[in-house]
Each structure stands twice: as C-alpha cells, then as structure tokens.
Amino acid sequence: MLGTPEMRLWSARLRAHSPRHLGAGWGGDCIPRTGLPLAAPIGPRGPGRCQQRGRAGRGGCSSGPRPAQPRMELRGLCPVLACLQLLPRLVWSEAPDPSPAAPPSAPAPDPLPPPTLSLDSQYPVYYQGERLQLSCSAPSGEAVAGYRFYKARGTQTPEELSSPSGAGRLELRAETGTEGPYTCRYWRAESGQEIASRDSNQVHVTVHDPPAAPSLSLSPQHPVYLPGESITLTCSPPQGAPAAAGFWFSGAGEQRVSSGSSHTHILHITEPGDSGSYTCAYWIHLHGREIHSLASRPVSIHVTAPPLAPTLSLGPPHSLYLPGEPVQLSCSAPGAQDVSGYRFYKQTPEQSSEELPSPRGGPRLEIRAAVGDPGMYTCQYWSRRSGRELPSGISQPLAVPVTEPPPAPQIALDPPHPVFLPGERVTLWCSAPPRQEVAGYRFYRQPGELIGTGVPDPTGGALMDLSAGPGTAGLYVCVYWARRAGREVPSEESRPVAVSLTEPPPAPRIALVSPHPVFLPGDQVTLRCSAPPRQEVAGYRFYRQPGELIGTGVPDPSGGARLDLSAGPGTAGLYVCVYWARRAGRKVPSEKSRPVNLTLTDRPPKPSVSLSPDSPVYVSGDRVEIRCSAPPTAAPERFRFYQSGTVIGHQPGNTSTWQLDLQEIGTGNATRSFSCTYEQRIQGRPVPSHTSDPVSIPVFPAPAAPSLRLIPPHPLYVTGETVTAECVAPAGPYEPRAHRLQRDEEPGAEMPGPRHNLTVTPSTRGRYRCEYSTELHGRRLQSPPSPSVVLEVTDPPLPPELSMDPPSGAVREGAPLLLTCRAPGDTTQRRFHFYQDGAELSPPEPSASPERRFPQAAPNNSGNFTCGYEEPVGGRWILSHPSQAVNVAVAAWSLPIPLLAGCGGAAFALVLFFIVCLHRRKKEANLQHDTSYWKSRELRQSQMKRGSADNVHIGLQQKVGDWPQVSQDWGLLPKLQGEGPRLGRAAPKGHKEEDDADSGAEFEFPDGDPTYVKLNVSCSTFRQGEDRPAIPEHPYNAIAP
C-alpha cells in the first residue's frame, strides 16, 4: 500500500517542492507538532531514531530547523511511516530543536556543487562475484569533510551505502542485489552545520549470473589416502560452456590450493590434515577480464596414517662387504600386521627408487655386493585396511658398502731360477704395493690350495720357504689382507710364478796342486776342479765345507778350472767344488765333488835382531854388523836379513850375522830399519819364521870430502917461496872443528884453521890432501880426504955473469956505458933484468936483450949493478939467482963559460923537446906493459934486498963557476900521491895524465955541446918504504924527435 503509485507521486511532488532535499535518505524523528507529523532529515544521526519533542499534548518528527515553505503535515502516520522508512523524508540541516517560545531560525544555506561519480573499471556487465569500485570526486577547490554513496530503489528513497570513514571510494561485490543506479554526495561543516552537496551523476551497474559450475573428479579414487600419495584433481566445464581460460582448485575452508591454465591439479598428501572437501571452478575471458564460473560440487578426500614402517636388516651384518659377496635383505613388519606382501627398493643415481624383484613377495631378498654400487636399500609391506591394501611406511635405508679389494701384490722367487734342483731352498717373496696397510699374507698353490701364511717383515713383504721336491712344482700366487672397519679385506691375487724341478749334473773331481804337505799363512794354494766328460760346463764354484762359497774358478789350460788362495788362519779345512750347466736358461749346479783337505801350520817364533857397533847415530859409509838370534828351542837351517822389508842377504844356520856398509845402500838423512828371519824344517818343508821386531837407526849423510887449493896457484914452485895450502869444506850441515893436511900419505898435524903456510924447499915436493873433523850427537866424524894436489918444487936457474964496458967500471960523466948479462946454457927463451943497488932499472918489463946501454953516463949511474934472467920451466917463468955485482963509478967534470952558454941553449932546446914529448904523450894511448915480471915481484924483491937496501934518488946537477944550483921540475916524472896506479891497470877515475907532468925531480944541466943528440930518457917514480926496495910505479919512455 505504501508502494502504490500514489505514494510515489506524492514523493515526487514533495521533491519538486523541496529541491534541497532530493535524493536524501529517509528516516528521522517523529515530533508531534499541533497534531501534525512533520518529516525531518536525520542527517548523520542515521535512520530509525525517533525522539518525542515539543510541548505537552503535541508531538511531531523534526530534524533541524523547520523550513518556511512548504509545510506538510501528516496526520497520525508520521511516527509509523518514518520509522518504517516507507515515507519520504525531508532532509534538514542539523540544528537543535527550537523551544516553542524560540523565534524562527535563519534560512538554510544553499547546497554545494554536485560531485562526479565513476567506476574504476567500466564494463557494460558485471558478473556475480566480481569486485567493482565507485569513486566520488568533488569539484576542484571544494573543501570536503566526507563522502556518502546512495543506491536508488526505484520510486523509494535512495539507500545510503555504508562508506568507511567517509572515503571517496566504495568497493562492492557484484551480486543480484547490486544492480541499479548509484549516486554520491560530499559534505562539509560550516558554523556547526553540515552542508551537503547536490547529487552526483548516476552510474548504472548491471549484474549477470556467472558461467555454469564444472564437475570435479579424483584419480586414483580410493576410499582413503595415505600421506605421501598423490591425487590428480580434474576440473571439467559443462558441455556447451565457453572455452575455459583457466582453472582454480580450493580445499577445505575454501582455501585456494592451485590456479592455472591446467584443468588438472596434483595434490600431494603430506598429512592427515589434508583431508576435506575440494571444489574447483574455471574462468573465461570476456570484455578483457576473467569471468569465474560457479564452484563445482565438492568432493571429499579422506587421509589416514600409513601402517608403521618395517625394519630392514642385512645378513651377515658386516660394515663392509666384498665384491660378489652374497648379502640377504630382511624386511620385518612391526606388531601383528595383516601383511599381504613385501617389496624391496634400491635408490638409483637419479635419486629415485627402483623396485627389486622379490620372489612371492617374501620378506627376504638376496643380492650380490658390487664394487662402486653400495646402493641405498629400503623395504615396505602391504596391509589391508578400509577395503584397500595400504603400503606401510618406507623402512630405514641401509647401504651395502662394498670396498674395492687392495691392489694385487707382487710375488717373486728367491733365487729367481727358472728351474730348481731337488732339495733346493725356494723362497716365495710377497710384497704389497707401497702405502698399503697390510695385516697378513697368504700363499696359494693353484688352483686355490692354501700352503701357508706370512707375517709382514719389518722391511716389507712376507717370506715363505719351500724345499724343492716332487710335490712343490706348480704355480704359486699370494694375497695380503688389510683390516677395514674391523673386517679382513683380501687383496687381489698376484700374478702366478712357476716352480719347476730338474736333476743336478754328476759331481766333478777336485785336486790340491801343491808341492808341500803343509801350508803356511800367506802361501799361495791352487785348487783345480774338472767336470766329467761330455758335460756342457758353464762355470765352476769352490766351497769350503760346510758350504761356504769361496770363489769361482778361472779356466785352466789343462782343462777344468782352478782357484788360487792365500793361506791364512781361516783357510784350513775341507774343500769341494761344483760346476754348473745351462738348463732351461739357468745355470744348474752339479753335485759336490769329494772333499780335499788343506792343512795349515804356523811359522816358528820370531828371532831377535841387534846391531854392532851400537851408536846413537850412523852416517853413510859406516859398516854395521846385523846379528839374528833364534829362540833356544829353534833349529835354524838358514838366516835371512832384511832392510826396510827388502832382503839384503842370506846366511847358513851356523852363521847368524851379516855385515853391511851403509854407504852401499845410498846416502841421505833417513831412518833405516833392519830385521831378520830364520828357516826351520817342519814335516820335510823348510818353514820361515816370523819376522823379528825391527831395529831402526837414524843414518845421516857422511861429511863430504873437502877440496884443497894452493895459493898462489902455480904449476911448480921455486925453493924459498911461501905457499899457502887452504882446505875448503863444502857447504852443508856439518861445521868443521879441525883440519889436517897430509903429504904423501904421511899423517899431518891438525891445523887450527883451514890455511897453512909452507916455505918451499926441496923437501916440500909431494902430493897433498886435507880432511876435516866435526861432531854429530856427541860422535866425532872424520871427513874423507880431499882430492890430492901435487906441489912441484924446482931450484932457480944458475946465476948469469955480468960484464961492463969499460971493464974497469970507471966512466967519465957523459961517456957511454954498456952492461952485458950472459946466462949459462943455450936456452933461447930468456928474459933479462938489470938491477942497480938492488933496484931493478927501468923499464921494469923484462927484455930479451942481455945488454943494457947507458949512452951518456951520469953521476947517478954510479953504483953496484947486478943482473938476472928468467927462463920458462914447467909453464912458469923462473927467475935465476942474481949475477955477481960490478961497480960503476961516474966521474963528474966542469965546462967553460962559452960551453955553458951553449949548454944553456941546449937546455932551452931540451925544454922545448920535453914540452913536445909531453904533448905527444897526452895524445897517444896508454902504453901496454909486460907484467910477467910482477908475477914474481916478491921473489925479485927478496933478491934485490940482498943486493942493496938503500933508496935511490936521481938528480942531475950542473954547476958552472959560481952559478947557483938550479933545480927544475920538468914534469917528466909522475908525482907520488898516496897509492898511484899500478902497472897493468888503468889510472883511477879522476887522475889525469897531466898530474904526471910534475914528478918532483930536480935536474942540473952541465955545460956541454949544444949539438943535437938523440936522448933516451927513462922517467920513473920510485916508492920508498920500510925495508922495501924501490919499485917503479909508472915507467915512461920518452923518445927524442
């Protein structure tokens, strides 16, 4: 009745008269006022609140101030209609009710501009279940306190929709009741009043039904499922439905479990909580969006816990298994289970499980351990429950660890022969590869016969000894084992080695080749071994029993082989020999020969050795006697003497000494060692004794012979001369202590020094030698004599005869004088010397002329004159005895004055002559002088001493009347300054020949005939000393022009 057309018309008219309140919600408070109900806007108070206000006896519904025009009064229906929301309500601004006595309120403010209403997704049609959103936007610049959304209800008042916090967006779910137009308003507060905007534009929402529901099926389909199983959910759209673009599946509580393009979903059941109802739906693409269908009819899935897992065990229960070893898998279900069968699984490398074939589904399965395939094995059983055979849980996984066998060892034969002889020792040697932990070894003779075990040797490997025999031939292998995880793990087998047997060749013959029945230490012993005929011999061996190999023989020219031994303490005993021949690539030894015995005896005890004389030191040339003394119990047949290990002599048994000249074995400062042995016959063989202890002596070199020389060295000497004999010892380690000079083997007296002066007499002639003595470690040593030196003695020649002319010897000054020296005999080679008062006249060189002329005798020519001569004797010039002396007297005489004047001129000419001579002498070379005279100068001096011991001063004086004595040094005689130059050698450096110009002599020139004559002037300088004759130093010959 309230929704009649009349009411709708009335509502429209009301909105026409009250445009401010169009689209407002219906509701409000009923306030009796003069008996008429008044509809008032509720605003934020919300619908359904009615308040009775006014004075007593009056009522009505009001909200805010009353409008002035129009005023509508509803008699008696206001409270009911307003509260039931069947009548339109006028929207009034919130305001407190005026009291009946209050004056009328101010007019309401104008409404705000309308907002804009829009949908975020503009679709012409929406399907149930879709989400859509309304957005209300106030005009720009408007202040907004909140938004309100309204949905029209035909002719009814629009319904205000709930909007949280007055936001400008409202989210809706498309449903059948969601269709219709929608508007919105916004509002703000001013002066304590709420001012609402006009209604927005209308937005229409059209909702259609979704696509038809699909059907959901399960595969596999069981009444119950177990955790771990997988179920395939299949969602099938109805026939004729649009093509589905996707599917979703939901479980218990509408929780979506899958969404995608596939119409199937695999559900993996993990726990009983996965039980529940499951649905599905699909969607299609329409208008650019997904349209979901209705949900399918639910299907139920029931999940139950599986039977308890069984227990898997291995038999035998080892921690390691060997390749190929059988292993039994046993599966045991817990408790009283209704088991219908068992299954066994093995995990594959792809981490999946492979079912193993099990006969009749029994609880046991036998497998074979394999290297590199330990596997992870599990099992389960089947139990019937809820009409289905349910598999139990998977047992605990077990691995079958298979260890690789250790690498194969090496086996070897020792000795490594291709064939063996019966009774030979064969050693099997098994050694594991390096870095292998070995617990033990086993040896097998194929096929698989265990013949023994071995313990690891400290050096590595293990040994097993066999005795070659008929039962030992065959192939042998070995293995070793190591402990791994408490179990013995055998290695692979070694390669096989073969032990083959052969018979030995027949025995050879052995012989001892020796001329002695017994042997001594150091003897050479020869063993000879010969094989039987027609044997192919590859070599020989010799043994000393019991089986000591002493060597291999060398081929003997007579056949077989021989072995040379040196007899010693360890060589006595029995000896055998064998030979070997090549058989099957091996040298096979023959049987042993019969033995031969080698007897060894010791040498006799050693003797003692001594030397005589016993001296602290010895020198080369000493003669010593070596005495060898055998022990009292010995019966020596022969003695042998040694020096430094070398035999130096033999003596028969009754002579035990040996004399030795040390000089015969050489010289040199060294130690000599002497020893001896003796021979004694033992069992018919002479056996030398042990060598005595050596006696060592130091042997020094003997003093060397000196040399003897005579000073001066002449081939012969003249009686009266003095000769010095000097004994010169060679340089060396010895210092001479005394010397001895011997003549013609006569023992001479010792000399304190090495020189001895001899005065030559006829008895001095002879052959002279000298020697010296020294000391060495308290021993006096005498040197050998020097080589002999012959001293020849001769007498001087017979004196000559000196004559003069004039024979009387009285010569007037200026007259000629001639001296003639006549030697006896007819020797042609002679040299003559003339002496005046014991001094040899100048020149001192001997002359071959026997005459000496004085063309003009001068007063200084007065004196006693003698002469002598020299003749060669034995390669030496020997001066004769002097002749008898003759006296020469030169008488002086005076000259007249005219003669004096002539002599003065002559003297002047003579001075000029001397100057010319001096000038020429300076230009000429030094004169060569014969020095043979000076070789016997001392002899001549001694002879001249007997003639005259006075010094000679030659002066020329000339007196005429009362003329004073004139002394003039013409520079012809050399000056005497110390030791001047000697004859036969050059003048010392710095001496000028001009120095000889002034001799210091004085001359007086008598009056005479100034006639030019030839002058022979002899210029000499004489030296006067103590008991020494005048000796010419520088003779010069001046030749007048």
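Draft legend 1. View of the sheet that holds strand β6 (residues 169–173). Across the sheet, which stays open at both edges, the three strands sit in the order β1-β3-β6 with antiparallel pairing between neighbours. The open sheet has two free edges, formed respectively by β1 (116–119) and β6, since each of these has just one partner strand. For this sheet, the mean angle separating the axes of adjacent strands, direction not counted, is 20°. Inspection of the sheet shows strand β3 (residues 131–137) paired to β6 by five bridges, in the antiparallel sense. In the strand pairing of β6, Ser-135 is matched with Arg-169.

Draft legend 2. Quick look at the sheet that holds strand β12 (residues 230–236). As summarised here, the arrangement of the three strands in space is β11-β12-β15, forming an open sheet in which the pairing is antiparallel. Two strands close off the open sheet at either side, each with one partner strand: β11 (215–219) and β15 (264–268). The sheet shows a mean angle of 25° between the axes of neighbouring strands, taken without regard to direction. The sheet contact formed by β12 and β15 spans five bridges and is antiparallel. Each residue of the ladder has a partner; that of Ile-231, found in β15, is Leu-267.

Draft legend 3. A look at the state of the cysteines. With the rule as written, the count across this model stands at eight disulfides. A sulfur-sulfur separation of 2.0 Å characterises the disulfide bridge that pairs Cys-331 with Cys-379. With the S-S dihedral at roughly 80°, the linkage between Cys-331 and Cys-379 falls on the right-handed side. Residue Cys-331 is found in strand β20 (residues 326–332), and its partner Cys-379 is found in strand β24 (residues 376–385); the two are separated by 48 residues along the sequence. For the pair formed by Cys-331 and Cys-379, the shared burial category is buried. One disulfide bridge connects Cys-529 with Cys-577, the sulfur atoms lying 1.9 Å from each other. What sets the handedness of the Cys-529 and Cys-577 disulfide is the S-S torsion sign, and at about 70° it is right-handed. You can see Cys-529 sitting in strand β36 (residues 524–530) and its partner Cys-577 sitting in strand β41 (residues 573–583), a full 48 residues away along the chain. By relative accessible area, Cys-577 is classed as buried at 0%.

Rules and cut-offs
- Counting restarts for each chain, with residues numbered from 1 along the sequence as it is written.
- At least 70 in pLDDT is required for a residue's local features to be given in this predicted model, at least 80 for side-chain atom pairs to be given and counted, and no such filter applies to totals for whole chains, interfaces and linings, which use all residues.
- The side-chain figures draw on all heavy atoms in the structure; neither hydrogens nor water molecules are used.
- The rule for pairing is simple: two strands pair if DSSP sees at least two bridges between them.
- Think of it this way: any DSSP run of H or I at least four residues long counts as a helix, any run of E at least two long counts as a strand, and we number them from the N terminus.
- The convention used is that axes are lines fitted to C-alpha atoms, helices contributing only their stretch in contact, and that angles between N-to-C directions extend from 0 to 180 degrees.
- Pairs of cysteine sulfur atoms within 2.5 Å are what we label disulfides.
- Burial here depends on accessible area, computed with a 1.4 Å probe over protein chains only, as a share of the maximum for the residue type. Under 20% is buried, over 50% is exposed, and the range in between is partly exposed.

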